[in-house]
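# Chains, contacts and geometry: an overview
In case you want the letters, here they are:
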Amino acid sequence: MHHRGVSRRGVLKGGAACAALAASRLLAGPVLAGPARPAGAATRRPAARPRVAVVGAGVFGGFTALSLVRRGARVTLVDAWGPGNSRASSGGETRVIRATYGPDRIYVEMVARAFELWQENERRWKRPIYHPTGAIWLVTGPDDFIRAAMPLLKERGFPYEELTTAEARRRWPQVDYEGVRWVFHEERAGY
């Protein structure tokens, strides 16, 4: 939807930039106005808790809101369709978390950190958040992407298996392996 030259994506980008600015100011701590004060001089009163609105209650908005609350902000989280809705770009019924991202180490590091945070919050909230299911990659063509990921997965302790199509067919007979050269099973993947 476009209105007067402003797209929905533009509004969302602007909102994200505002949230990032607010978060960076919050994380930077109190700022003293005016010239440097001599040691022992009174500083301004502690600032009131910042008030922040986070627009979008998907995974990123929800985590942003939670992080800001933990840092002392008063946060209002809003979403046109409600939290955890199927229209969210970072949520929905088909989303899966995996650690296989080819040679891109940063994504593997983010997944490892996500697992730590899920475990921490599962203990805190006394309820499961993450559901491991495993994921299989059906390799039909070049396998450079998966091969490049394997050392990174091993380094971070993500278990995986390389299976022949015959082995995979015995374990997951509901899958059609026509044209599949081999199967990569990422054990900790899930939702």
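Residues numbered from 1 in each chain as written. Predicted model: local features only at pLDDT ≥ 70, side-chain atom pairs only at ≥ 80, totals over all residues. Heavy atoms only, no water.

Another point: the nonpolar core. Formed by 16 residues in total, the largest nonpolar core has its most connected members in Val111, Ile146, Leu153, Phe158 and Phe184. Going through the elements one at a time, helix H3 (105-125), helix H4 (144-155) and strand E7 (182-186) are the ones with two or more residues in this core. Ranked by the residues each element gives to this core, the list is headed by H4, at 5 residues. For Phe184, the contacting residues outside a window of four places in its chain are Thr100, Ala135, Ile136, Trp137, Ile146, Met150, Leu153, Tyr160 and Glu161. In this structure, Leu163, Tyr177, Val180 and Val183 belong to the second largest nonpolar core, which totals 6 residues. (Core = buried A, V, L, I, M, F, W, Y, C linked by side-chain atoms within 4.5 Å. Buried < 20%, exposed > 50% of the residue type's maximum accessible area, 1.4 Å probe, protein only. Helix = DSSP H or I, 4+ residues; strand = E, 2+ residues; numbered from the N terminus. Contact = heavy atoms within 4.5 Å.)

This part is about unusual backbone geometry. We note that Lys126 has phi near 55°; this positive angle belongs to a residue other than glycine. Topologically, Lys126 is positioned in the loop between H3 and strand E5 (135-139). You can call Lys126 exposed: its relative accessible area is 73%.

We now examine a nonpolar patch on the surface. A contiguous nonpolar patch, built from Ile106, Tyr107 and Met110 and spanning about 310 Å² of accessible area, is present on the exposed surface. When you line up the elements, Met110 lands in helix H3. (Patch = residues over 30% accessible without salt bridge, like charges linked within 9 Å, V, L, I, M, F, W, Y side chains within 5 Å. Areas by Shrake-Rupley, 256 points an atom, 1.4 Å probe, with all protein chains shown as cover. Salt bridge = Lys/Arg side-chain N within 4 Å of Asp/Glu carboxyl O.)

Further remarks concern the environment of Ala65. Looking at where Ala65 falls in the secondary structure, it is placed in helix H2 (residues 59-70). As for Ala65 and Ala53, which are separated by 12 residues in sequence, their C-alpha atoms are 8.3 Å apart. For Ala65, the residues in contact, after removing those within four places along its chain, are Val54, Val75 and Leu77.

A word on the confidence of the model for the protein. With 73% of its residues at a pLDDT of 70 or more, the protein shows a mean pLDDT of 82. Scored below 50 in pLDDT, residues 21-36 makes 9 contacts in the model with residues more than four places away or belonging to other chains. (pLDDT = per-residue confidence, 0-100.)

Let us now look at the packing of aromatic side chains. Counting across every chain of the model gives 8 aromatic pairs. Both rings, one in Phe115 and one in Trp118, keep their centres 5.6 Å apart while their planes meet at 75°; by these two values the pair is edge-to-face. Of this pair, Phe115 and Trp118 are both found in helix H3, 3 residues apart, which corresponds to roughly one turn of the helix. For Phe115, a relative accessible area of 6% gives the class buried. Members of the aromatic cluster, joined through ring pairs, are Phe115, Trp118, Tyr130 and Phe158. Residue placement shows Arg98 over the ring face of Tyr101; its charged tip is 4.1 Å from the ring centre. (Phe/Tyr/Trp six-rings, centres within 6.5 Å; stacked < 30°, edge-to-face > 60°. Lys NZ or Arg CZ within 6 Å of the ring centre and 35° of its normal.)

Here we come to the sheet that holds E5. Read from one edge of the open sheet, 3 strands run E5-E7-E6, paired in antiparallel fashion. Among the strands making up the open sheet, the edge pair consists of E5 and strand E6 (160-163). Ignoring strand direction, the axes of neighbouring strands in this sheet form an average angle of 20°. Two strands pair when backbone bridges link them, and E6 and E7 are joined in this way by 4 bridges, in the antiparallel orientation. Bridging from a neighbouring strand, Leu163 pairs with Val183 of E7. (Pairing = 2+ DSSP bridges. Axes fitted to C-alpha atoms, helices over the stretch in contact; angles between N-to-C directions.)

Quick look at the pattern of salt bridges now. Pairing between side chains becomes possible if they bear opposite charge and their charged atoms approach one another. Counted under the stated rule, the structure contains 10 salt bridges. Of the charged contacts, one joins Glu120 and Arg70 as a salt bridge, the two residues approaching to 3.7 Å between their closest N and O atoms. Here the residue Glu120 occupies a position in helix H3, and Arg70 occupies one in helix H2, the gap between them amounting to 50 residues. Since its relative accessible area comes to 27%, Glu120 is described here as partly exposed. A cluster of three or more residues bridged by salt bridges with shared partners is formed by Glu109, Arg113, Glu116 and Arg156.

On to H4, then. Of all the residues in H4, the buried ones are Ile146, Ala149, Met150, Leu152 and Leu153. Against the buried residues of H4 lie H3, E5, E6 and E7. Following H4 by one or two positions, Gly157 adopts a phi angle in the positive range, close to 80°.

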